[in-house]
Amino acid sequence: NSRTMSLLSQLEKINLDSVLGESDNARYVTSKILHLVQSQEKTRKEMTSKGSTGIEVILATLEVKFFKLCGYGCIVSGGRRASVLVTKGGTQILLQLLLTASKDSPPNEELMVLLHTLLAKIGPKDKKIGMKARINGVLNISLNLVKQNLQNHRLILPCLQVLRVYSTNSVNAVSLGKNGVVELMFKIIGPFSKKNTSLMKVALDTLAALLKSKTNARRAVDRGYVQVLLTIYVDWHRHDSRHRYMLIRKGVLQCIKSVTNIKLGRKAFIDANGMKILYNTSQECLAVRTLDPLVNTSSLIMRKCFPKNRLPLPTIKRAFHFQLPVIPASGPVAQLYSLPPDVDDVVDESDDNDDAETESEIETENDDDKDQHFKNDDIETDINKLKPRQELGRPVEELKMYEQFFPELSENFQEWDLVSKEPKPFVPDANLSGAIVVPTASEE
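What counts and how
- Residues numbered from 1 in each chain as written.
- Predicted model: local features only at pLDDT ≥ 70, side-chain atom pairs only at ≥ 80, totals over all residues.
- Heavy atoms only, no water.
- Helix = DSSP H or I, 4+ residues; strand = E, 2+ residues; numbered from the N terminus.
- Buried < 20%, exposed > 50% of the residue type's maximum accessible area, 1.4 Å probe, protein only.
- Axes fitted to C-alpha atoms, helices over the stretch in contact; angles between N-to-C directions.
- Parallel < 35°, antiparallel > 145°, perpendicular 65-115°, else oblique.
- Left-handed = near helix turned anticlockwise from the far one by under 90°.
- Contact = heavy atoms within 4.5 Å.
- Nonpolar A, V, L, I, M, F, W, Y, C, P; charged D, E, K, R; others polar.
- Salt bridge = Lys/Arg side-chain N within 4 Å of Asp/Glu carboxyl O.
- Core = buried A, V, L, I, M, F, W, Y, C linked by side-chain atoms within 4.5 Å.
- Domains from an automatic or database assignment.

> A description of the side chain of Thr 297 should follow, citing residues and the corresponding values.
Mapped onto the elements of the fold, Thr 297 is located in helix 19 (residues 292-305). Its relative accessible area of 0% is what places Thr 297 among the buried residues.

> So what's going on with the packing of helix 6 (residues 90-101) against helix 7 (residues 109-122)? Which residues, and what values?
Remark: helix 6 packs on helix 7, axes separated minimally by 10 Å, with the N-to-C direction vectors making an angle of 155°. Regarding the angle of helix 6 to helix 7, the classification is roughly antiparallel. The chirality of how helix 6 crosses helix 7 is left-handed. Contacts from Gly 90, Thr 91, Leu 94, Leu 95, Leu 97, Leu 98 and Ala 101 of helix 6 reach helix 7 at Leu 111, Met 112, Leu 115, His 116, Leu 118, Leu 119 and Ile 122. For the contact of helix 6 with helix 7, the per-class residue count stands at 11 nonpolar, three polar and no charged.

> Before we move on, could you go through the environment of Met 131 and cite the residues and values that matter?
Along the polypeptide, Met 131 turns up in helix 8 (residues 129-136). Overall, Met 131 belongs to the partly exposed group, its relative accessible area being 25%. In the structure, Met 131 is positioned 40 residues away from Val 171 in sequence and 8.7 Å away in space, judged by C-alpha atoms.

> Give me the lowdown on the pattern of salt bridges, citing residues and values where you can.
Counted by the stated rule, this structure contains 10 salt bridges. Across the salt bridge formed by Glu 109 and Arg 154, the nearest N and O atoms sit 3.5 Å from each other. Taken together, the residues span a long stretch of sequence, with Glu 109 in helix 7 and Arg 154 in helix 10 (residues 153-166) at a distance of 45 residues. By relative accessible area, which is 44% here, Arg 154 ends up partly exposed. The partner of Asp 205 in a salt bridge is Arg 164, with the nearest N and O atoms 3.4 Å apart. With Asp 205 in helix 13 (residues 197-210) and Arg 164 in helix 10, this pair connects stretches of sequence that are 41 residues apart.

> Give me the lowdown on the nonpolar core, citing residues and values where you can.
Grouped together as the largest cluster of nonpolar side chains are 80 residues, with contacts concentrated most on Leu 119, Leu 160, Tyr 166, Met 185, Ile 189, Leu 207 and Phe 269. If you tally residues by element for this core, the top one is helix 7, at nine residues. Here this core spans two domains, since at least three of its residues come from each of domain 2 (89-166) and domain 3 (169-307). With near-sequence residues (within four places) excluded, Leu 207 lies in contact with Val 182, Met 185, Phe 186, Ile 189, Leu 229 and Cys 255. In terms of nonpolar packing, the next biggest core, distinct from the first, is built from six residues, Leu 8, Leu 11, Val 29 and Leu 36 among them.

> Could you give an account of unusual backbone geometry, with specific residues and numbers?
With an omega of -10°, the peptide bond between Ser 105 and Pro 106 qualifies as cis. With respect to the secondary-structure elements, Pro 106 resides in the loop between helix 6 and helix 7. Of note, Asn 196 is a non-glycine position whose phi angle comes to about 55°, a positive value. Tracing the sequence through the fold places Asn 196 in the loop between helix 12 (181-189) and helix 13. On the accessibility criterion, Asn 196 (37% relative accessible area) is partly exposed. Within the chain, Asn 273 stands out as a residue other than glycine whose phi angle is a positive 60°. Counting through the fold element by element, Asn 273 comes out in the loop between helix 17 (263-271) and helix 18 (274-285).

> Just give me the short version of the packing of helix 15 (residues 225-239) against helix 18, but keep the residues and values in it.
Where helix 15 meets helix 18, the axes come as close as 11 Å, and the angle between the chain directions of the two elements is 20°. Taken together, the axes of helix 15 and helix 18 are roughly parallel relative to one another. The handedness of the crossing between helix 15 and helix 18 comes out as left-handed. Of helix 18, the residues touching helix 15 (which contributes Leu 230, Tyr 233, Val 234 and His 237) are Gly 274, Ile 277, Leu 278, Thr 281, Glu 284 and Cys 285. Among the residues making up the contact of helix 15 with helix 18, the classes are represented as six nonpolar, three polar and one charged.

This is the structure we're talking about:
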């Protein structure tokens, strides 16, 4: 009986009418619904409440013939309303509309901004949006829009947000990387500029998600982008004296962290003097508590890239020298001792398992706040591996000489029987093996 329900009923009736001349009525009704949704929280709750058909009517209108006219009627402000739209099949409809709209030459900019804004809002709520986008053939539409409109920040911002959602799927990340998305991201994030920082932040988040793919990470290393990322980070560190752009600096570190997941990335990081750069910048950030996320991420990167050596260290990098009693003339031990000082003697097999470019889906929700929790991947958690191996350094026969100093470990102590006045065999307690029983005063 409300005003909103009345308008939805009119819109549903228009959807059933096959006369194209009803487009003006559809425009009028959807504009009224849009006004009510934007101005009244009660209306938004009413449309998304359980049992309401408001979302279905809006989606049906989008799907039929008036999608260019009533696109603004599909209002989603995140949270539960986005989830409702996903459950009603809104993702599939929006992707189909995006495919249809992309066939216009040139595409309608206003419509593209709207569709990408809606997809960016509902994308994190739909775990299968990456697979749906690939199946519907719309994966490269957003990428091509960014390539053709690098100076149109109003259009490419929602497109980058959608690409960030797509990139959480490993198969999509590899496919987008083959079409040049990595190179495109570096055109957006550099050189240093404080203009359009929101666009810079989204581009860095998208790049960090893309570089989690080993294929994309190798592509970035081959083109020398590790040095570029370090240069960008140093520029932001120097210019951001008031620490207003901490999220951008953190985004650059996340990109470096992703690219150093592969062996080539770690080598490029060392060759670019990244260890010294992150160490010095971290030292300068220690005095500011709000910059702890930067210090934590820098520490993880440095610990991951620092060369690993076994103990005892046979090279000049050692702090103490542990001389082995016997060093064989040949074998793996002799090879370790013959290595030059700058060689990492721990075999790095992290890249042996390459990208599995199959159709297996690896979907994760894209949440910016999850980066607040840092995981130390290089800390051993297996208790069995942490327990020291208790092995005798000498044969048992050589230890016989010490028996006289520790008689309680070898002698058979006996308890004196006060009744028979004779010694009796001593049976030690299970918990006090080898303990001496001292008689009490009453027994004496």
